[in-house]
Amino acid sequence: MKSDPSYTKGTIASTTTRRPTDTDSTTISLASTNSISRGSGGNNTTNTGTSASYATSTNIWAKLLGGNESVWDGLDGRDDVYDDHNDNNDHDDLISTKSRYENEGICGTTPLKICCMGAWYETRHFFETLGKHPVIIVVSLAVFGLVCGLGMWAVESEREAFVKDRMDTAKFVARETAEYFANEFRRSMVPLYALREAIQYSQQFDALPSLIGNYPSNLQAENVAILGGDMTQRNITGVCDQPQVLADWKSMVTKISDEHDLNGLIFRYRLWPKNVACLEFKGGEAMMDSGMDASYSPHPFWSQVVIDIQVDRWNGLHVFGPFEAKLPSGVADVFCTHIPLWTSTTGENAFKDVVKVQGTDVQNVWGFTMLYLNWSAMKERSNMYERFENVNMEFELFREEEPRLGDVGPKGLPTKEMTKLAWSEQADKLNEGNSVEVKTESLHGIWINRVGVVGDNGWNPEWWPTAVASVVVASFILMVLTAMTMVKSYLHKDLVNRMLPKQAIRKLQRGQTVVEKYNIVTVFFADIVGYTGAAGSMRPAQVMKMLNELYTELDKLAEKHQVYKVETVGNQYMVVAGAPERVTGRVGAQRVALFALDAINFVSKYQTKEGDKILIRAGMASGPTVAGVVGQAMPRYCFFGETVDFASKMESTSKKMKIQVSEMTYRLLLDCVNLKFVMTKRMEGGIAGVEIKGKGQQLTFWIEKASPCEKCFELATGSFALVPCGHIMCADCNEKYKMLPCPTCRCKVDDRVEWRGKPTKIVDESVEVEHAPVFDEEAGLTSETML
């Protein structure tokens, strides 16, 4: 079967060869490669012919085309077999060529030798023409030099522009990202300033320092082991767990948190009167803290914190991190920030005292407060990793200076890596040659964002070496094509004018096309996926006869169900409903579905005289399409659009002897008025639907059977079996369609047999009556007696 040129016109985007995975060891996979591509005019249906899978040695086409030539010998001289040599004037030329080769001493000539000799003669003739017309060589070399020069200039210009654009992009993204984090970091510290002002001016917690007292007042234990070191613990029971104190603390922190709305970035607050851990707020609740006295604890981290903010009078916020911490959502990178609180030296509520902070007397120390920032959440919300991935760049965000808090953090983890704030997977490969650095000031010091491109080419585009080679190769090819064109021009200058009139050529070049749009069309594809039996031993004429019988019967079914046959290409069969005859979406889907069920039923029963059977798979989809006539030579009515593509995908992902439909087709069939369809959702490994390339996971369904109503799916007293199709109808439907063909298969009804036995569930209503186990043998009635 030849594919139509108008059907195959367009750009072929991909070619899918059916593999013999849907058949068992006794089947032979025959597949039609079908590609749906989007050309300049829309979605084009492009068929690339019939492709046999040669992975199976028993493939019938592989044996017929690549096997013994004797299987074709029997075709010569037969009137019932078409031979293209009989109607081809080139036959005499082939005979004369073969005779000439034999006269020249080339014995045992094969088609390969004929092709080789033809290529040799063409090449020799080409160079002889070049020798006769030196102008061809001059013009061809000039073309090579011009194209190569222009190509190199264009490639180099593009390379320089690409490098500049890439470096500008890197600087922009690096600066934007660093500034984003600096601003967000600064914004996240505002609640800490607000908390400090609230504590100092609300006077709600002024009594806590005096109640806690100076060391060793309320001392509970010393050298208590905790993560990262030891602590001195004060007994704060009765002080920090007072209900009013906890209520005031919760109210203050909640109000500040709500006002600044950081969406959970700040997940914990702590208050340290007299440098003693008194109150904390986390998870939306206020609670008493651990009672740790940072002024007298030998813990390396907390001792350094109070020395920095109170003894050394740290300027601004005291920020440490990032370090790992366990949160309810998992382990995250965290910053902790501290700010000192001082007593006023005048006024009624003045608290004048001297606190010994790690051995140093410090006046007017009230304590300090702190918060914890979820750095991992901030990084995730920034989408920084996706931003750099989208521009194909690596990055590393780090602090310019080393941490000042010693070797360990609050949990005892080492601080040597705390200068690194965020980085991509291959950030370690960045260097001065392939990256740029952008500095940004923040509350955490100077942040540096290093951004660059990892790879052998550095800033140069990946396509640069290939482009240079392509320019040279393309220039050489254009030189050869120019020479070949000029040779052909000299040899065949008048050939085209002798073949066609000029006005006819101009009309063909216009490519006038008829285009028509359909809002809703149901498209059906079926494909032969295998043979059973002894098909591998069949001769070519037998194979073609078998296919002809199959497609002839399918054509009859298409006519019966009023669907439009579009094309038969190789093993693939395509029909539509809703075009060119316009019908509603439900009617079109119903017609195609009934055709599909009839087709599957016919194929399941079909077999050749030798006992061979055919296996097919089918798919349906509904939606808008465009149809029209393309081309002037052998015009055909073709369909274009995503619906055609999707229907082909429904077929290619279907299973043998099954009909897979899209969700839209499923809904149209559910809305059918005169018929009820039994459809099951496709499930693969517990997942509904099937993966479709380019569309993702799609919900699809299997069509099982159809009847006029739900009662027709069961045999009950008063039901009728239709002869000869074997479909069952209830009493009401039988009365409704009494003078009409079978509503399911549209077959003519020769007789109607009433069922008088017990109610029985129909397993397969498409089986013919004489083979269907649906009659009551206890009542003495069988299919033979009733018919």
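Here the structure is a predicted model, which means the values were calculated and not measured. (Residues numbered from 1 in each chain as written. Predicted model: local features only at pLDDT ≥ 70, side-chain atom pairs only at ≥ 80, totals over all residues. Heavy atoms only, no water.)

Colleague: Hey, could you go over the overall build of the chain for me, with residue numbers and the actual values?
Modeller: If you tally the helices and strands in the chain, you get 21 helices and 33 strands. Looking at the chain as a whole, 45% of its 787 residues are labelled buried. Counting contacts in the chain only where the partners sit at least 6 residues apart, residues at least 24 apart contribute 69% of the total. For the chain, the exposed surface amounts to about 40,600 Å²; the carbon and sulfur share of it is 53%. (Helix = DSSP H or I, 4+ residues; strand = E, 2+ residues; numbered from the N terminus. Buried < 20%, exposed > 50% of the residue type's maximum accessible area, 1.4 Å probe, protein only. Contact = heavy atoms within 4.5 Å. Areas by Shrake-Rupley, 256 points an atom, 1.4 Å probe, with all protein chains shown as cover.)

Colleague: Explain the nonpolar core to me, using residue names and the numbers behind them.
Modeller: Formed by 55 residues in total, the largest nonpolar core has its most connected members in Ile199, Phe205, Trp249, Leu271, Leu279 and Trp375. By residue number, the principal contributor to this core is helix 6 (residues 134-188), which donates six residues. The contact partners of Leu279, leaving out residues within four places of it in the chain, are Phe205, Leu208, Cys240, Val245, Leu246, Trp249, Tyr269, Arg270, Leu271, Met287 and Asp289. Listed in part, the 42 residues of the second largest apolar core include Leu554, Leu597, Ala599 and Ala618. (Core = buried A, V, L, I, M, F, W, Y, C linked by side-chain atoms within 4.5 Å.)

Colleague: An account of the packing of aromatic side chains is requested, with residue identities and associated values reported.
Modeller: Tallied over the entire structure, the rule returns 22 aromatic pairs. Centroid distance Phe162 to Trp463: 6.1 Å. Interplanar angle 80 degrees. Geometry classified as edge-to-face. Residue Phe162 is located in helix 6, and its partner Trp463 is located in the loop between strand 16 (445-452) and helix 13 (464-491); the two are separated by 301 residues in the primary sequence. Taking relative accessible area as the criterion, Phe162 reaches 27% and is therefore assigned partly exposed. Judged by its relative accessible area of 34%, Trp463 is partly exposed. (Phe/Tyr/Trp six-rings, centres within 6.5 Å; stacked < 30°, edge-to-face > 60°.)

Colleague: Which residues make up the pairing of strand 6 (residues 279-282), and what values go with them?
Modeller: Bridging between strand 5 (residues 266-273) and strand 6 involves four bridges; their strand directions are antiparallel. Across the sheet, Arg268 pairs through a bridge with Lys282, a residue of strand 6. Relative to strand 7 (residues 285-288), strand 6 is paired through four bridges, and the arrangement is antiparallel. Considered in strand 7, the bridge of Phe281 is made with Ala286. (Pairing = 2+ DSSP bridges.)

Colleague: Let's hear about the sheet that holds strand 7: which residues, and what values?
Modeller: Overall, antiparallel pairing links the six strands, which are arranged 7-6-5-12-9-8 in an open sheet. Across the chains shown, the open sheet's two edge strands, defined by having one partner strand only, are strand 7 and strand 8 (318-327). This sheet shows a mean twist of 20 degrees between the axes of neighbouring strands, independent of strand direction. Where helix 7 (residues 190-202) meets the sheet, it contacts strand 5, strand 9 (330-342) and strand 12 (365-374), and its direction lies at approximately 40 degrees from that of strand 9. (Axes fitted to C-alpha atoms, helices over the stretch in contact; angles between N-to-C directions.)

Colleague: Quick one: what's the story with the packing of helix 7 against helix 9 (residues 243-260), residue by residue and with numbers?
Modeller: A pair of packed helices can be characterised by two numbers: the angle between their axes and the separation between those axes. In contact at an axis separation of 10 Å, helix 7 and helix 9 are set at 145 degrees when each is read in the N-to-C sense. For the element pair helix 7 and helix 9, the recorded crossing hand is right-handed. For the pair formed by helix 7 and helix 9, the contact residues are Val190, Pro191, Ala194, Leu195, Ala198, Ile199 and Ser202 on the first element and Trp249, Met252, Val253, Ile256 and His260 on the second. Within the contact of helix 7 with helix 9, the residues separate by chemical class into 10 nonpolar, two polar and no charged. (Left-handed = near helix turned anticlockwise from the far one by under 90°. Nonpolar A, V, L, I, M, F, W, Y, C, P; charged D, E, K, R; others polar.)

Colleague: How would you summarise the pairing of strand 5 if you had to cite specific residues and measurements?
Modeller: For strand 5, the buried fraction is high: seven of the eight residues fall into the buried class. Taken together, the seven bridges between strand 5 and strand 12 define a ladder with antiparallel strand orientation. Opposite Arg270, over in strand 12, you have Met370 as the bridge partner. Once strand 5 ends, the chain turns through five residues before running back antiparallel as strand 6, passing Lys274 with a positive phi of about 55 degrees.

Colleague: Could you give an account of the environment of Arg667, with specific residues and numbers?
Modeller: Structurally, the position occupied by Arg667 is in helix 19 (residues 663-670). Placed 78 residues apart in sequence, Arg667 and Ala589 show a C-alpha to C-alpha distance of 9.5 Å. Within the local environment of Arg667, its side chain forms a polar contact with the side chain of Glu663, the two groups lying 2.8 Å apart. (Polar contact = N/O pair within 3.5 Å; in protein donor to acceptor, adjacent residues only side chain to side chain.)

Colleague: Lay out the pattern of salt bridges with the relevant residues and their values.
Modeller: Per the stated rule, a full pass over the model turns up 24 salt bridges. Close ionic contact of Glu462 with Arg166 constitutes a salt bridge, the shortest N to O distance being 3.2 Å. With Glu462 in the loop between strand 16 and helix 13 and Arg166 in helix 6, this pair connects stretches of sequence that are 296 residues apart. Salt-bridge contacts for Glu663 lead to Arg667; the nearest nitrogen and oxygen are separated by 2.8 Å. (Salt bridge = Lys/Arg side-chain N within 4 Å of Asp/Glu carboxyl O.)

Colleague: Go over the state of the cysteines, please, and point to the residues and values.
Modeller: The final tally for this structure, using the stated rule, is one disulfide. Each disulfide pairs two cysteine sulfurs, and for Cys240 the partner residue is Cys278, the sulfurs being separated by 1.8 Å. Residues Cys240 and Cys278 are joined through a disulfide that is left-handed, its torsion about the S-S bond being -120 degrees. With Cys240 in the loop between strand 4 (229-234) and helix 9 and Cys278 in the loop between strand 5 and strand 6, the pair connects residues that are 38 residues apart, well separated along the chain. (Disulfide = S-S within 2.5 Å.)

Colleague: If you had to explain the packing of helix 5 (residues 111-132) against helix 6 to someone new, which residues and values would you point to?
Modeller: Contact geometry for helix 5 and helix 6: axes closest at 4 Å, N-to-C directions at 95 degrees. Considering the angle they form, helix 5 stands roughly perpendicular to helix 6. Contact residues: helix 5 offers Leu130, Gly131 and Lys132, while helix 6 offers Pro134, Ile136 and Ile137. In terms of residue class, the contact of helix 5 with helix 6 is made up of four nonpolar, one polar and one charged. (Parallel < 35°, antiparallel > 145°, perpendicular 65-115°, else oblique.)

Colleague: Could you give me a rundown of the side chain of Ser140, with the residues and numbers involved?
Modeller: Relative to the helices and strands, Ser140 resides in helix 6. Given the relative accessible area of 4%, Ser140 is considered buried. For Ser140, the side chain forms a polar contact with the main-chain oxygen of Ile136, separated by 2.7 Å. In contact with Ser140, other than residues within four places in its own chain, are Met479, Thr482 and Ala483.

Colleague: Explain the sheet that holds strand 30 (residues 720-723) residue by residue, including any values.
Modeller: The three strands lie next to each other as 31-30-32, forming an open sheet whose pairing is antiparallel. At either end of the open sheet lies a strand with only one pairing partner, and these are strand 31 (728-729) and strand 32 (751-754). Here two bridges tie strand 30 to strand 31, and the two strands are oriented antiparallel to one another. By the bridge assignment, Ala721 is partnered in strand 31 with Ile728.

Colleague: Let's hear about the environment of Ile226: which residues, and what values?
Modeller: Relative to the helices and strands, Ile226 resides in strand 3 (residues 219-226). Sequence separation between Ile226 and Pro410 is 184 residues, and the spatial gap between their C-alpha atoms is 9.8 Å. Apart from residues lying up to four places away in sequence, Ile226 is in contact with Met231, Met292 and His299.

Colleague: How would you sum up helix 19? Please name residues and give values.
Modeller: Residues Thr665, Tyr666, Leu668 and Leu669 constitute the buried set of helix 19. End-on view of helix 19: buried residues confined to an arc of 165 degrees, all on one side of the axis. (Arc of directions from axis to C-beta.)

Colleague: Pulling in residues and values, what's your account of a nonpolar patch on the surface?
Modeller: A cluster of nonpolar side chains, contributed by Val473, Phe476, Ile477, Leu478, Val480, Leu481 and Met484, occupies part of the molecular surface with about 580 Å² of accessible area. Residue placement: Val480 occurs in helix 13. (Patch = residues over 30% accessible without salt bridge, like charges linked within 9 Å, V, L, I, M, F, W, Y side chains within 5 Å.)

Colleague: Lay out a negative patch on the surface with the relevant residues and their values.
Modeller: A cluster of acidic residues, Glu380, Glu386, Glu389 and Glu425, forms a negative patch on the protein surface. Among the secondary structure elements, Glu386 is positioned in helix 12 (residues 384-390). The exposure class of Glu386 is partly exposed, given its relative accessible area of 42%. (Lys, Arg positive; Asp, Glu negative; His and termini not counted. Charge placed at Lys NZ, Arg CZ, Asp CG, Glu CD.)

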